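If you want the building blocks of each chain, they are given just below.
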Amino acid sequence: MKYLHTMVRVSDIEQSLNFYCNTLGLVETNRIENETGKFTLIFLSAPADTDRAKAEHAPLLELTYNWPEESSDTETYTDGRNFGHLAYQVENIYETCQLLMAAGSTINRPPRDGRMAFIKSPDGISIELLQAGDNLPEQEPWLSMENIGSW
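Let us look at the structure shown here. What you see is a predicted model; the values in this text were computed from it and never measured.

**Re the overall build of the chain**
Consideration 1: A tally of regular secondary structure across the chain gives 3 helices and 7 strands.
Consideration 2: Taken from N to C terminus, the helices and strands of the chain fall in the order β-α-β-β-α-β-β-α-β-β.
Consideration 3: Taking all 151 residues of the chain together, the buried fraction comes to 38%.
Consideration 4: Restricting to contacts in the chain with at least 6 residues of sequence separation, those with at least 24 account for 59%.
Consideration 5: A total of about 9100 Å² of accessible surface is found on the chain, and carbon and sulfur atoms cover 50% of it.

**Here we look at the environment of F39**
Consideration 1: Residue position: F39 is located in strand β3 (residues 39-45).
Consideration 2: With 25 residues separating them along the chain, F39 and T64 place their C-alpha atoms 7.0 Å apart.

**Considerations on the side chain of T6**
Consideration 1: On the secondary structure map, T6 appears in strand β1 (residues 2-9).
Consideration 2: In this structure T6 comes out as buried when scored by relative accessible area, which is 17%.
Consideration 3: Only 2.3 Å separates the side chain of T6 from the side chain of Y3, close enough to count as a polar contact.
Consideration 4: Dropping the residues within four chain positions of it, T6 is found in contact with L60, L61, E62, F83, H85 and L86.

Definitions and limits used
- Residues numbered from 1 in each chain as written.
- Predicted model: local features only at pLDDT ≥ 70, side-chain atom pairs only at ≥ 80, totals over all residues.
- Heavy atoms only, no water.
- Helix = DSSP H or I, 4+ residues; strand = E, 2+ residues; numbered from the N terminus.
- Buried < 20%, exposed > 50% of the residue type's maximum accessible area, 1.4 Å probe, protein only.
- Contact = heavy atoms within 4.5 Å.
- Areas by Shrake-Rupley, 256 points an atom, 1.4 Å probe, with all protein chains shown as cover.
- Polar contact = N/O pair within 3.5 Å; in protein donor to acceptor, adjacent residues only side chain to side chain.

Structural data, given as structure tokens:
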């Protein structure tokens, strides 16, 4: 297992980048604009990890900005909603999820795509599991599993 990133939602990209980059000193390493999903992902690293982040994928902070609908205001994040999840890369998403289920964990978002799953810690912290490399071929029982709760 390899630690990947921590995601937090932000309501104002410029204000957040000013804080995280100009005040805290983090460095932007990557940005993804997703027109279909209407969100922006901005990945930041500590200055000492900048070269590693590009070469070895050092742990990053992911700022997620959900684009507001033209007719409504942006969401005000409360009760920890701004904190998204921890993310870990695993060698085999199916084997990892099977081991977690055998240990009594609920798979909140099964790896139907052979790539991504979500579980929660006992304290309700959302944890994303991502398949290392290419997606695994879709397979049962994962393909037919429904989402459970939230993640």
